[in-house]
Amino acid sequence: MGFSPHQVPWQNILDHTPKLGLEFDSEQEAYDFYNEYGRNYGFSIRREWYNKRKVDGLVTSRKFVCCKEGLRAQCERDKQKRYERAETRTGCKAHMIIRHDKEKQKYSIHSIELNHNHALHIPQCAHMMPSQRKISKAQALEIDLADDSGIQLQDSYEFMGRQVGGKDALGYTKQDQKNYLHNKRQRELKYGEAGSLLRYFQKQKRENPSFYNAVQLDAAEQITNIFWADAQMIVDYNLFGDVVSFDTTYRTNKEYGPLAMFVGFNHHRETAIFGAALLHDETIESFKWLFETFFEAMSGKKPKTIFTDQDPAMAKAISMVMPSTYHRLCKWHLMQNAMKHVGHLLRGEGGFRIDFSACFKIYEEEEVLFSAWDSMLHKYNVCDNYWLQHLFELKEKWAKAYVKMSFSAGMTSTQLSESLNSDLKDYLLSDYDIVKFFTHFERLLNAKRYKELQAEYNLRQKLPRVKIASPMLVQAVNTYTSQLFLKFQKQYEEFQGAFVKEFQGRGERDSSHEYVVSIYGKPKDRRVIWNSLKNNVSCSCRKFERKFERCGILCSHALKILDVMDIKVLPEKYILKRWTKEAKNESVQDFNGHDIITDTNLEVTTRYKSLCPLYVKLISRAAECEEAYMLALENYKELSGKIEDIFRKNMIFAKLKILNNIY
């Protein structure tokens, strides 16, 4: 039985029925006409054969057919398949043939068959027909944006459908969107992963010459290790790279192994990323190359302290490349390893976790630490545990009795590592190819930098409350960033309960005086030395000692002695610039000795950010009314033409300028 489109009861549209002799200006116009006819009446079309002139390639005739034309050819593979494919061809004869008229320079319908041998689609399914499905350029941009933002396929398809009033109004299916993204990735990787990587680095260098990257090759000229740092990373390291946490916990994929990252704290105590690398392995040679490359990018500057995990290859490379840097072990990584080796004790009901943690953060004297550690081993019967024995051999890298001598910028490393690893899992997946990896790594970077921007906003919008209206606190609130002021204010409040228990001079020739300071409610006394000639104060807690500057702010004990000396404002030498509001107000040079400009397109970016909200607000309002919509559309065309005229004029002037310079 044949099905005629003219018998379809739901059809109530303008007559788009093909007729013999109907003319078109181009082959594409004929295709669009027949495709619209198919959409209205419930069938999909496709192009079949064509003829063209050899001289200029002009199509002289073309046949358009129903997508169910012909029958599927049988092949041996079909017989071997477990599941049979559904039939989509029915041998339908419906078609439209056009021919080109030389005299008129037009195409006209030469042959037409309107009847079909299959059921036609209902109008609700018209958007599913193959010839009706097409992703426009605007839609492709939205799909790319959603994919680059980490939005899953299902969620982005659902959102875009809601934007236009339903999935049927989108013009493509979820499978089309999936195919588009797959083909896009295939194009991006057409030069292979190594080629795509080098193209990415070249693009970054074009955008900002201060971008640094390096690759290490093996004997077979294959890429093994990759390092990169953008301009902002280099600036941040130069300003805040006194303490660095080096982390290789996150694994990317089997090709590149661990993602290594150099991170630290900025002046708001927010995470700052200083550099990153994809490593082939974790050998001494790889770490040595990475550290040397990192310092080359950072103009040779090395940190005062570096936090890492327990990796012996990493420790060896650090001792070779940065022997003067204090190497500390990250407590978070140590606790992860402890769960593997003494997890039964940590999970138990006993007090092993308390005793174990006390060795990290309570015992400040070496003999007390030794005694407590030995007591713990006997108490829990773990004297023969090899991991604990090896850990104690590294005590200088984690026990408070030793690490109190190093500058840490108040970094516990636990906070930093936990936060970083959590963020990496949110932004990066292990199955990402190299192009997608860098796309989403940039998302992570932007998120971290936006947090700094939020902190800058809060610095001016949410002023911390000064609890005591003293000259020193007023000075501190105007100098420090909010987070550091709160820490300083805590020490200042504590100093209100401080008193001098003992005083001891050092003789007439010695300008140093020793005080024993105690805090009400706290059992531990501190020894504070005041040098009257140099006006220096140092405390045994070493929160701020000129040699070590463990935290970078004065402690309550030192503040008490300043008060005794009738010093009511902080001396400049006790204010670390890295913790102040002015920490980033200085120029930094890159590895080539050039001043770094972090945003080379600053003017363009500023103008874009200024125009965007204005025009979004305008078109959102215009979309609510047909008359306003048409007005906006007409003005858009006029405005677009004027803008293009400006660019054409500027291009002409630029060419004339070049010609004048030549002649």
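Keep in mind the model is a prediction, meaning the values are calculated, not measured.

A tally of regular secondary structure across the chain gives 22 helices and 17 strands. Considering only intrachain contacts with a sequence separation of at least 6, the fraction spanning at least 24 residues in the chain is 59%. Carbon and sulfur atoms provide 52% of the accessible area of the chain, an area that totals close to 38,000 Å².

A separate point is unusual backbone geometry. Although it is not a glycine, Gln-105 sits at a positive phi angle of roughly 55 degrees. For Gln-105, the position within the fold is in the loop between strand S4 (95-101) and strand S5 (106-113). Located in the positive-phi region is Arg-269, a residue other than glycine, with phi close to 60 degrees. With respect to the helices and strands, Arg-269 occurs in the loop between strand S10 (257-265) and strand S11 (271-278). Exposure remark for Arg-269: the relative accessible area of 13% places this residue in the buried category.

Take the environment of Leu-453 next. By the element assignment, Leu-453 lies in helix H17 (residues 434-461). Look at Leu-453 and you get exposed, because its relative accessible area is 53%. Between the C-alpha atom of Leu-453 and that of His-268, which follows or precedes it by 185 residues, the distance is 10.0 Å.

Counting buried residues along helix H7 (residues 231-240), nine of its ten residues qualify, which places the element largely inside the surrounding structure. Buried residues of H7: Ala-231, Gln-232, Met-233, Ile-234, Val-235, Asp-236, Tyr-237, Leu-239 and Phe-240, and no others. Two to three positions downstream of the cap, the backbone nitrogen of Gln-232 sits 3.2 Å from a side-chain oxygen, assigning the N-cap of H7 to Asp-230.

Quick look at the pairing of strand S13 (residues 326-329) now. Across four bridges, the pairing between strand S12 (residues 305-308) and S13 is parallel. Bridge pairing in S13 places Ile-306 opposite His-327.

Moving on: the pattern of salt bridges. A side chain with one charge can pair with a side chain of the opposite charge if their charged atoms come near. Tallying each qualifying case throughout the model produces 35 salt bridges. Across the salt bridge formed by Glu-158 and Lys-167, the nearest N and O atoms sit 3.6 Å from each other. Here Arg-527 makes a salt bridge to Glu-514, at a shortest N to O gap of 2.7 Å. On the criterion of sequence distance, the pair formed by Arg-527 in strand S16 (residues 526-531) and Glu-514 in strand S15 (residues 512-519) is long-range, its members being 13 residues apart.

The next thing to look at is a nonpolar patch on the surface. A cluster of nonpolar side chains, contributed by Leu-611, Leu-614, Tyr-615, Leu-618, Ile-619, Leu-639, Ile-643 and Phe-647, occupies part of the molecular surface with about 790 Å² of accessible area. Listed by contribution, the elements that provide at least two residues to the nonpolar patch are helix H21 (602-622) and helix H22 (626-662). When residues in the nonpolar patch are grouped by element, the largest group, five residues, is from H21.

Here we come to the sheet that holds strand S3 (residues 59-66). With antiparallel pairing, five strands are arranged side by side in an open sheet as S1-S5-S4-S3-S2. Each edge of the sheet is formed by a strand with only one pairing partner; in this case those strands are strand S1 (23-24) and strand S2 (45-52).

Attention shifts here to the side chain of Thr-325. By the secondary structure assignment, Thr-325 is in the loop between helix H9 (312-321) and S13. Looking at Thr-325, its side chain comes within polar contact range of the main-chain oxygen of Pro-303, at 2.8 Å. The residues touching Thr-325, leaving out its near neighbours within four places in the chain, are Lys-302, Pro-303, Lys-304, Thr-305 and Ile-306.

Following the criterion strictly, the structure yields 42 aromatic pairs and no others. Aromatic side chains Trp-228 and Phe-441 sit 5.4 Å apart centroid to centroid with 80 degrees between the ring planes, which places their arrangement in the edge-to-face category. One end of the pair, Trp-228, is in strand S7 (residues 223-229); the other, Phe-441, is in helix H17, with 213 residues separating them in the sequence. Like Trp-228, the residue Phe-441 is buried in the burial classification. Following the ring pairs from residue to residue traces out a cluster consisting of Tyr-212, Phe-227, Tyr-237, Phe-246, Phe-262, Phe-274, Phe-287, Phe-291, Phe-294, Phe-295 and Phe-591. For the cation-ring pair, Arg-47 lies above Tyr-31, with the distance from its terminal atom to the ring centre recorded as 4.0 Å.

Another aspect to go through is the environment of Arg-460. For Arg-460, the location among the structural elements is in helix H17. Taking relative accessible area as the criterion, Arg-460 reaches 60% and is therefore assigned exposed. The spatial distance from the C-alpha of Arg-460 to the C-alpha of Thr-481 is 9.9 Å, given a sequence separation of 21 residues.

The next point concerns the confidence of the model for the chain. Any segment with low pLDDT has predicted coordinates that should not be analysed in fine detail. Considering every residue of the chain, the mean pLDDT works out to 84; 89% of them sit at 70 or more. Confidence, read as mean pLDDT per element, is least for helix H2 (residues 76-80) in the chain (57) and greatest for helix H8 (residues 284-297) (95). Low pLDDT, under 50, characterises residues 6-14; the predicted model gives this stretch 15 contacts beyond four residues in sequence or across chains. Contacts for the low-pLDDT stretch residues 545-549, under 50 throughout, to residues beyond four places or in other chains number 13 contacts.

As a further point, take the pairing of strand S17 (residues 536-539). Where S16 meets S17, four bridges bridge the pair, whose relative direction is antiparallel. What sits directly across from Asn-531, in S17, is Asn-536.

Another point: the packing of H8 against H9. Their axes nearest at 8 Å, the elements H8 and H9 cross at an angle of 45 degrees. Here H9 runs oblique to H8, going by the angle between their axes. Crossing angle aside, the handedness with which H8 passes H9 is right-handed. Contact residues: Ile-284, Phe-287, Lys-288, Phe-291, Glu-292 and Phe-295 in H8; Ala-313, Met-314, Lys-316, Ala-317, Ile-318, Met-320 and Val-321 in H9. Looking at the contact of H8 with H9, its residues break down into ten nonpolar, no polar and three charged.

On to the side chain of Glu-452, then. Mapped onto the elements of the fold, Glu-452 is located in helix H17. Of note is the side chain of Glu-452, whose polar atom sits 2.8 Å from the side chain of Lys-584. In this structure Glu-452 touches Asn-266, His-267, His-268 and Lys-584, once residues within four positions along its chain are discounted.

Looking now at helix H14 (residues 386-393). Note that an α-helix has 3.6 residues per turn; residues three or four places apart therefore point the same way. Those residues of H14 that fall on the buried side of the exposure criterion are Trp-387, Leu-388, Leu-391 and Phe-392. For H14, the buried positions fall inside an angular range of 135 degrees around the axis, keeping them on one side. In H14, the exposed positions that point more than 90 degrees away from the buried face belong to Tyr-386 and Glu-393. In this structure, the buried residues of H14 make contact with helix H10 (331-341), helix H12 (352-361) and helix H13 (366-379). Where H14 begins, the capping side chain belongs to Asn-385, and its oxygen is found 3.1 Å from the backbone nitrogen of Trp-387.

Relative to the helices and strands, Ser-61 is located in strand S3. Sequence-distant contacts of Ser-61, defined by excluding residues within four places in its chain, comprise Trp-49, Tyr-50, Asn-51, Ile-98 and Arg-99.

As a packed pair, helix H18 (residues 471-479) and helix H19 (residues 482-495) sit with axes 9 Å apart at the nearest point and diverge in direction by 165 degrees. With respect to H19, the element H18 is oriented roughly antiparallel. Every pair of crossing elements has a handedness; the one defined by H18 and H19 is right-handed. For the pair H18 and H19, the contacting residues are Met-472, Leu-473, Ala-476 and Val-477 in the first and Phe-485, Phe-488, Gln-489 and Tyr-492 in the second. Its residues assigned to classes, the contact of H18 with H19 shows seven nonpolar, one polar and no charged.

Parameters at a glance
- The residue numbering used here restarts from 1 in each chain and proceeds along that chain's sequence as written.
- Thresholds applied to this predicted model are a pLDDT of at least 70 for local features of residues and 80 or more for the giving and counting of side-chain atom pairs; totals over whole chains, interfaces and linings are not thresholded and use all residues.
- Excluding hydrogens and water, the side-chain figures rest on all heavy atoms present in the structure.
- Helix and strand assignments come from DSSP, with helices taken as H or I runs of at least 4 residues and strands as E runs of at least 2, each series counted from the N terminus.
- The contact criterion used throughout is that any non-hydrogen atoms of two residues lie within 4.5 Å.
- Per-residue and other accessible areas were derived by the Shrake-Rupley procedure at a 1.4 Å probe size, with only the shown protein chains allowed to occlude residues.
- Buried residues are those whose accessible area, probed at 1.4 Å on protein chains only, stays under 20% of the maximum for their type, while exposed residues exceed 50% and partly exposed ones sit between those limits.
- As used in this structure description, the phrase polar contact means that two N or O atoms lie within 3.5 Å; if the pair is within protein, one of them must be able to donate a hydrogen and the other to accept it, and residues adjacent in sequence are counted only when both atoms belong to side chains.
- Two strands pair if DSSP finds at least two bridges between them.
- What counts as a salt bridge is simple: a side-chain nitrogen of Lys or Arg found within 4 Å of a carboxyl oxygen of Asp or Glu.
- Exposure above 30% relative accessible area and no salt bridge define the residues that can form patches, which grow by joining like charges within 9 Å and nonpolar side chains of Val, Leu, Ile, Met, Phe, Trp and Tyr within 5 Å.
- Side-chain rings of Phe, Tyr and Trp, where Trp is taken by its six-membered ring, are said to pair if the distance between their centres is within 6.5 Å; with planes under 30 degrees apart they count as stacked, over 60 as edge-to-face, and otherwise as tilted.
- Each ring is checked for a lysine NZ or an arginine CZ that lies within 6 Å of its centre and within 35 degrees of its normal; such an atom marks a charge sitting over the ring.
- One confidence number per residue, pLDDT, is output by the predictor and ranges from 0 to 100.
- An axis is simply a line fitted to the C-alpha atoms; with a helix, the fit covers only the stretch in contact. Between two such axes, the angle follows the N-to-C directions and lies from 0 to 180 degrees.
- For classification purposes, angles smaller than 35 degrees are called roughly parallel, those larger than 145 roughly antiparallel, those between 65 and 115 roughly perpendicular, and all remaining angles oblique.
- Should the near helix be turned counterclockwise from the far one by less than a right angle, the crossing is left-handed, whereas a clockwise turn marks it as right-handed.
- Three classes are used: nonpolar for Ala, Val, Leu, Ile, Met, Phe, Trp, Tyr, Cys and Pro, charged for Asp, Glu, Lys and Arg, and polar for all others, with Gly counted as polar.
- This arc is taken over the directions from the axis of the helix to the C-beta atoms.

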